[in-house]
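Listed here are the chains, written in short residue letters.
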Amino acid sequence: VMIDRSKLIVLCDSREQRWIHIENRLQVLKIAYKVVHLLTSDYSFIYDGVDYTDKFGIERKANWSEIAGNVTKKPPPKYESKELGLVIKLEFERAKVFDYFALLIEDKRGYEGMEYMKKHNYKTNLAFQKRMIKRFITNRSFEFKEIGKDLKLIYCNKTETANIILNEIERYLIEKI
């Protein structure tokens, strides 16, 4: 099965920051994209007029520091709970209904960055951050226990991010079409 990229529109969440490298690559590849408000994830898509935002999502983190911040951050005042890491946990909770959900982590070392992180070469003095990061790096794919959902982890250099997003979309479509 061949995916016709002219029928594809990549959707980027309007709250996404520092994604110019992805936008530039999509332009070079002549892939249509739109910036929209996505309830869950940073990237999803429309294919041949069918919206997949409730079935497919990729959450992108620009680096390990962003993940450490997410899992140790206090939620905004609109949340009654003050549980650390609540916002990212709720995002993963919403992703339970997705057919496909991945956490894409950009690292200048690409896939080798995971091996680097497995040796605990990250900079944080907070034991909680170290425990949470350790949970994220045990495998490329693991069950996120709190939500009972397999969470695919993708490690890449930021120069590869747009191509990986496209490859994951195409792989998903090939399985579904």
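Residues numbered from 1 in each chain as written. Predicted model: local features only at pLDDT ≥ 70, side-chain atom pairs only at ≥ 80, totals over all residues. Heavy atoms only, no water.

**Describing the overall build of the protein**
Each helix and strand in the protein was counted, giving six helices and eight strands. Counting from the amino terminus, helix and strand elements in the protein follow one another as β-α-β-β-β-β-α-α-β-α-α-β-β-α. Across the 177 residues of the protein, 46% fall into the buried class. Intrachain contacts of the protein at a sequence separation of at least 6 include 63% that bridge at least 24 residues. Carbon and sulfur atoms make up 52% of the accessible area of the protein, which totals about 9,800 Å². (Helix = DSSP H or I, 4+ residues; strand = E, 2+ residues; numbered from the N terminus. Buried < 20%, exposed > 50% of the residue type's maximum accessible area, 1.4 Å probe, protein only. Contact = heavy atoms within 4.5 Å. Areas by Shrake-Rupley, 256 points an atom, 1.4 Å probe, with all protein chains shown as cover.)

**Section: the environment of Trp64**
Tracing the backbone through its elements, the reader meets Trp64 in helix H2 (residues 64-72). Classification of Trp64 as buried rests on a relative accessible area of 7%.

**Structural notes on the confidence of the model for the protein**
Of all residues in the protein, 75% have pLDDT values of 70 or greater, and the mean over the chain is 81. Here residues 138-148 is modelled with pLDDT under 50, and outside its nearest four sequence neighbours on either side it reaches 34 contacts, counting other chains as well. (pLDDT = per-residue confidence, 0-100.)

**Brief notes about the packing of aromatic side chains**
Enumeration according to the criterion identifies eight aromatic pairs in this entry. Taking 4.7 Å as the distance between ring centres and 10° as the angle between the ring planes, the aromatic pair formed by Phe56 and Tyr100 counts as stacked. With Phe56 in strand S5 (residues 56-61) and Tyr100 in strand S6 (residues 100-106), this pair connects stretches of sequence that are 44 residues apart. When sorted by exposure, Phe56 lands in the same class as Tyr100, which is buried. Three or more aromatic residues joined by ring pairs make a cluster, and in this case those are Phe45, Tyr52, Phe56, Tyr100 and Tyr172. (Phe/Tyr/Trp six-rings, centres within 6.5 Å; stacked < 30°, edge-to-face > 60°.)

**Quick word on the pattern of salt bridges**
Within this structure, the stated rule accounts for eight salt bridges. Its salt-bridge partner being Arg5, residue Glu170 comes within 2.5 Å of it at the nearest N-O pair. Of the two residues, Glu170 sits in helix H6 (residues 161-176) while Arg5 sits in the segment before strand S1 (8-13), which places them 165 residues apart along the sequence. Taking the relative accessible area as the measure of exposure, Arg5 reaches 30% and is therefore partly exposed. Among the ionic pairs, Arg60 bridges to Glu16, the shortest N-O distance being 2.7 Å. Here Glu16 lies in the loop between S1 and helix H1 (20-28) and Arg60 lies in strand S5, a separation of 44 residues in the sequence. The two residues Arg60 and Glu16 agree in class, both being buried. Here the salt bridges do not stand alone but share partners, grouping Glu16, Arg60 and Glu106 into one network. (Salt bridge = Lys/Arg side-chain N within 4 Å of Asp/Glu carboxyl O.)

**Let's talk about the pairing of S5**
Counting buried positions along S5 yields six of six residues, so the element is predominantly enclosed. The side-chain alternation of S5 yields two buried faces, one formed by Phe56, Ile58 and Arg60 and the other by Gly57, Glu59 and Lys61. Pairing analysis gives six bridges linking S5 to S6, with the strands arranged parallel. The residue bridging Ile58 from the neighbouring strand is Ala102, located in S6. (Pairing = 2+ DSSP bridges.)

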